[in-house]
Amino acid sequence: MSLWSRIGNTFRAGRLTRELDEEIQSHIEEAIEHGRDPAEARRAFGPTLLRREESRDIRLMAWLDSVLRDFRYGLSSLRREPGFAAAAIGVLALGIGANTAMFSIVDAVLLKPLPFPEPQRMVRVWEAPTPVTRNETTTLTFLDWKRQSAIFEALSVESPARATVETGGNPVRLTGELVSADYFTVFGVTPRMGRAFAPDEDQPGRAPVVVISDALWQSRFGGDPAVLNRDLKLDGVPHRIIGVLPPGAFDRGEAVFWKPLIFAPEQRNRVQHLWSVVGRLRAGVTDGQAQAAMNLLRAGLGKELADYKDWGFAVDPFTRSLVADTLRRSIWLAFGAVVMVLLIACANAANLALARGAARQKEFAVRAALGAGRGRLLAQLLTESLVLCLLGGLAGVAVAYALLHAAAPLVFASLPFTADPRLDLRVLGAAALAVMAVLILCGLLPSLRMSFGGLAASLNRASRGTSRSGAAVRRTVVVGEVAVSVMLLCGAALLFKSLVKLQQVEAGVRIDHVMTMSTNLPPAAYPSPESAVRFYDALVQHLRSVPGVSQATVTHRLPLQGAGWGEGMNISGQAEFFGVGVKPVDPRYFTTMRIPLESGRGIEDRDRAGAPPVLIVNQELAQYVAAKFGIADPVGRIARIALPGYGPIPESLVKAQIVGVIRSEHTSELEQPQQRIAYVPLAQVPQQDINLAVLTRVDPLALMPDIREAVRQVDPNLALADVRTMEQVKQRSMLWAMEPTWVMAAFAGVSALLAALGLYGVLAHAVTQQRREIGIRMALGAQPRNVLSHVIRGAFSMILLGLAGGMAGALALTRLLRSLLFQVSALDAVAL
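A short tour of the structure in this document, coming up.

About the cut-offs
Residues numbered from 1 in each chain as written. Predicted model: local features only at pLDDT ≥ 70, side-chain atom pairs only at ≥ 80, totals over all residues. Heavy atoms only, no water. Salt bridge = Lys/Arg side-chain N within 4 Å of Asp/Glu carboxyl O. Helix = DSSP H or I, 4+ residues; strand = E, 2+ residues; numbered from the N terminus. Buried < 20%, exposed > 50% of the residue type's maximum accessible area, 1.4 Å probe, protein only. Expected span 1.5 Å × (residues − 1). Arc of directions from axis to C-beta. Core = buried A, V, L, I, M, F, W, Y, C linked by side-chain atoms within 4.5 Å. Contact = heavy atoms within 4.5 Å. Pairing = 2+ DSSP bridges. Phe/Tyr/Trp six-rings, centres within 6.5 Å; stacked < 30°, edge-to-face > 60°. Lys NZ or Arg CZ within 6 Å of the ring centre and 35° of its normal.

**Re the pattern of salt bridges**
Evaluated as defined, the whole model comprises 34 salt bridges. For Asp214, the salt bridge goes to Arg192, with nearest N and O atoms at 2.5 Å. Of this pair, Asp214 sits in helix 9 (residues 214-221) while Arg192 sits in the loop between helix 8 (183-187) and strand 4 (193-194), and the two are 22 residues apart along the sequence. For Arg192, a relative accessible area of 42% translates into the label partly exposed.

Written out as structure tokens, the structure is:
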């Protein structure tokens, strides 16, 4: 009989058995028909069961049939013990599910290649003020880079852009990017419909065109195939849609449209560092070769870049800019935590299996006495463990699916746009490996434990009703569980204390009852600085007239969202320039944000275009000037400072008088040190990208309909975005600290729960096994408190050993946590 026939028969063993019984019976009946006595015919044919088994062995794969029998027996034994099955499968599902979900994130962010052709050739190119810092570049410097055709196959700038579109009569702001013509060549992406930008479409005089994402095509145009013949109005200007990108990575980023970036004449300079640059190296060019060529180019531009003589050029792999070091460490830390949870889950499952095996010692001793070999018994135990692990694995995949969907709103926003965590074949393969590891850890240990010692002795111990078999192993496993959970709890405690410290940092502003939002002034509607200033004045007037509004302001940047620009400044009488952040605000900014004035005056309505330029400095800048130059009071001093222009207008060096000092606010994340900030009147340095802040006397969210109406009265075509309270702005600025803390806390809590369950299981089993011994002790005069203290001592011995091991492990873990902590020592005694 062929191999495939024998394999097929193995999977239909029940049907084969019936066929064999029928065949044997037909032979007996045939003999009877030929005149033989029925009893003699049956004796002549032999025992029916023996004949059937001999025929089965010929027609089946014996080893496969044995595995399938054990598999079915394992399923039936789990049905007979639903409590054990539910506990073991639940523990394994939690451990395997958490690991599978976390591995999908690790794989998507850190392991899987970028979803672009030959991603190893993709780079980012920067200007480098120092070897470890990176800065955007200028237009002329980018054009110099672009001429390096021996290095780059394609090189493109990219700059974020926002535009308003009409949707059902309501303006909506879309996020996009301004890019040069060969942007999609860098990424190796071909539109699913239409085409990408032509080589000359980023030159002046060309008709406006746009490429849109698949998501925007589906949501706004309903997937209409004729979309290429239509226009998309961005800020009221029709743009012909020339291409639709394929679904994928570009649907996961913020941008939904891409426009050619046409350099304005004012931008062709080496002063405005505006552009991020992405490139694709030519085939065969390594990162090191590209860096060497850029170093030579930088040396050749010494005269043109004399104002930035200490700056270099840097070529970095594209992946480095996608995943910041903090995110990378957080992901690996979380993955290490879930691996520990899996180990605890395995330990609990192994303990359950050991306890179950101890209870079945009599069963296996009897089977051995009836002729079952040790190998056969071990094979059955391993197969039963395989059944348990497979069921736990299937349930774990369901848990992973639920965890990924639950975590999506919290975690995915922090991931790069190229990351797409999902349960694909790679992740499911990792889940299968996890199941195999669990099988080894949970199945091999009980099986080996059963194989040691005489089975006859096991029968004698079982008959006495008490056994210490495997107790030492199970106690050791619980000690390990406690140690691992203590490590995770210590890490979570340190991160939680760090988060509390961060939340206690004063932002320098009052954040209660403040509603914020952002918008962009379309260049076509607001072509000049004067038109922008008129809009600011009208908008603030309308917002202040809304019932329930105390004050309103327009600013370029909100607190905790950056200063806007880093520029050079010097004080009259001093030759040295030093770096400051420049923040344009209107006269009501300090009142709305409730920032007190320390000396001098604030920005006033008279500080407008045509009036003498003025500056307000924060305490940090005033203290720096005092320490650096010995100027105790900067008010009244004249400063030279580079101020940004309006739209494409380049920055210019301006002489301005310092008229006041205000208390420092946090213009960046709370964990960062205070920055030196120079505030300038928005009416003197107007900007198209602005934020609104409204101070209310009531719940600010309740006033949003009235606030939107006030904006609509000033400009019905203007869309608002990023609508959130200042409390939400602050929480958003702390995401880097909150996400690792809550992830670690969740896994630490699960590990502690599993360790507690493991401890309970060992104690419960020990008490059950010693029931007869306890009864004898109490009959001989032992008091219940003596029995209780005996059990409690056993528990505390395991806990104390686990605490000692866990604290030692926690001290090693703190080395990984140092970079994630804020104002908390990695050896903080209170947290530990």
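Next, the rest of the story.
**Quick word on helix 10 (residues 287-300)**
Compared with the 20 Å implied by 1.5 Å per residue over 14 residues, the 20 Å span of helix 10 between its first and last C-alpha is a close match. Considered for burial, the residues of helix 10 that qualify are Ala290, Gln291, Met294, Leu297 and Arg298. Each buried residue of helix 10 lies within a common arc of 120 degrees when the element is viewed along its axis, so the set occupies one face. Exposed positions of helix 10 whose direction lies more than 90 degrees from the buried face are Leu296, Ala299 and Gly300.

**Remarks on the nonpolar core**
With 68 residues, the main nonpolar core has Phe187, Phe197, Trp258 and Ile331 as its most contacted residues. Counting residues per element, this core draws most heavily on helix 12 (residues 325-359), which supplies 11 residues. Once you skip the residues sitting within four places of it in the chain, Trp258 turns out to touch Glu177, Val179, Tyr183, Phe184, Phe197, Val209, Val210, Val211, Ile212, Ser213, Leu245 and Phe250.

**A word on the side chain of Ser276**
As for its position among the elements, Ser276 is in strand 9 (residues 276-281). Residue classification places Ser276 among the buried residues on the basis of a relative accessible area of 18%. Excluding residues that lie within four positions of it along the chain, Ser276 makes contacts with Arg124, Glu136, Ser156, Val157 and Glu158.

**What about the pairing of strand 11 (residues 514-520)?**
Along strand 11, 7 of the 7 residues are buried, which leaves the element largely enclosed by surrounding structure. Where strand 11 lies against strand 21 (residues 721-725), 3 bridges are found, and the strand directions are antiparallel. Counted as the bridge partner of Thr516 is Arg724 from strand 21.

**What to know about the packing of aromatic side chains**
Counted according to the given criterion, the structure contains 25 aromatic pairs. Ring centres 6.2 Å apart and planes at 65 degrees place the aromatic pair Trp332 and Phe335 in the edge-to-face group. Of this pair, Trp332 and Phe335 both sit in helix 12, 3 residues apart, which is roughly one turn of the helix. Ring geometry for Tyr589 and Tyr679: centres 6.4 Å apart, planes at 35 degrees, overall tilted. Taken together, the positions of Tyr589 in helix 19 (residues 589-592) and Tyr679 in strand 19 (residues 677-681) put the pair 90 residues apart, joining distant regions of the chain. Directly above the aromatic system of Phe313 lies the positively charged group of Arg298, at a separation of 5.9 Å from the ring centroid. Lying across the ring of Tyr624, Arg676 places its NZ or CZ 4.0 Å from the centre.

Spatial relationships are all this shows, so hold off on functional conclusions.
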